[in-house]
Amino acid sequence: MADLFDTYLHAVNDALEQYLTAPYDPHRVLDAMHYSASAGGKRIRPILTLEFARLCGGEWEKALPFACGVEMVQTYSLIHDDLPCMDDDDLRRGKPSCHVQFDEGTALLAGDGLLTMAFEALSDAELPPERIVQAVKTLSRSIGVDGMIGGQEMDLQNEEKRDLPLSVIRRTNEKKTAALLTASCLLGVIAAGGTGEQMDAARQYGLYLGLAFQVVDDILDVTSTEAALGKPIGSDAENEKSTYVSALGLAEAGRYAEDYTSRALDALGIFADAEPLKALTEKLLRRSS
């Protein structure tokens, strides 16, 4: 598993570096985009894109532009999340947030620049045009008002509401976190020209992985440290936000994370040679950052 995913990681990092050091006129916004995109991180989403391309019989290298687009979207979302008008966090991945390192206006534009460049990256893929169109539609829908942006709005509305029903918390997480993770998986299937059955399995996997991922995030916000996470902790409690932890307690929230992970693993049953991805899925359940 390690060698395969390390190969993906290096390929994504190299490709992102090329996009973000292209011969544009040097300017502060591009510097801010590069700063945030190169700040580290697990690169889970682009790795999923490449791995699903491989699982579906495609050449994962041809999915690299899709993978870069997914990571650009993820980085843009984190830049905007940290802004004073959103979560107002000064630390991200152990470094000053983009708006702290630069300024609020530059950070806003850096996020916009990454979001725009993501679709430029998708269009660079050397794949049949219909697959590129399908990828653009899949990614844009997953991050729009019925996806990630809608989830972020729900998350803001959930502040100072400590008694929300679990159904609302889950729906928020489906949009806020699971939507982009699901799109990451689907883009790999699309790049490979996968079947409808493979698309359905990737969609199920992404949903339950995303739910488990967010529950673990909520748990770490209570149990971890700023040094370990590379970002502030305790923000959910400070904002009086409803989470699986606030609704269920740590132990029961942990059981939900295990159940969602089990469902994600079940969805991989149709794929041959899915053991590396299964191992990564279980590792994410046990992560400490």
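Residues numbered from 1 in each chain as written. Predicted model: local features only at pLDDT ≥ 70, side-chain atom pairs only at ≥ 80, totals over all residues. Heavy atoms only, no water.

All told, the structure shown has 16 salt bridges when counted by the stated rule. Two residues, D146 and K175, come together in a salt bridge whose shortest N-O distance is 2.7 Å. Within this pair, whereas D146 is found in the loop between α7 (129-142) and α8 (148-157), its partner K175 is found in helix α9 (residues 166-192), the two being separated by 29 residues in sequence. Given a relative accessible area of 53%, D146 falls into the exposed group. Residue classification places K175 among the buried positions, given a relative accessible area of 9%. In this structure, R263 engages D259 in a salt bridge whose closest nitrogen and oxygen atoms are separated by 3.1 Å. One end of the pair, R263, and the other, D259, are both in helix α14 (residues 250-267), four residues apart, so they sit about a helical turn from each other. (Salt bridge = Lys/Arg side-chain N within 4 Å of Asp/Glu carboxyl O. Helix = DSSP H or I, 4+ residues; strand = E, 2+ residues; numbered from the N terminus. Buried < 20%, exposed > 50% of the residue type's maximum accessible area, 1.4 Å probe, protein only.)

Because each turn of an α-helix spans 3.6 residues, side chains separated by three or four positions in sequence point in the same direction. An ideal rise of 1.5 Å per residue puts 16 Å on twelve residues; helix α3 (residues 44-55) measures up with 16 Å between its terminal C-alpha atoms. The buried count for α3 comes to eleven of twelve residues, which makes it a mostly enclosed element. Taken together, the buried positions of α3 are occupied by I44, R45, P46, I47, L48, T49, L50, E51, F52, A53 and L55. Positive phi shows up at G57, right after α3, with a value of about 85°. (Expected span 1.5 Å × (residues − 1).)

Further remarks concern the packing of aromatic side chains. All chains considered together, the criterion is met by nine aromatic pairs. An angle of 75° between the planes, with centres 5.6 Å apart, marks the rings of Y35 and F102 as edge-to-face. One end of the pair, Y35, is in helix α2 (residues 28-37); the other, F102, is in the loop between α5 (98-101) and α6 (104-123), and 67 residues separate them in sequence. Considered together, Y35 and F102 belong to a single accessibility category, that of buried residues. Members of the aromatic cluster, joined through ring pairs, are Y208, Y244, Y256 and Y260. The ring centre of F213 lies 5.6 Å from the NZ or CZ of R45, which sits over that ring. It is R287 that lies over the ring of F213; its NZ or CZ is 3.8 Å from the centre. (Phe/Tyr/Trp six-rings, centres within 6.5 Å; stacked < 30°, edge-to-face > 60°. Lys NZ or Arg CZ within 6 Å of the ring centre and 35° of its normal.)

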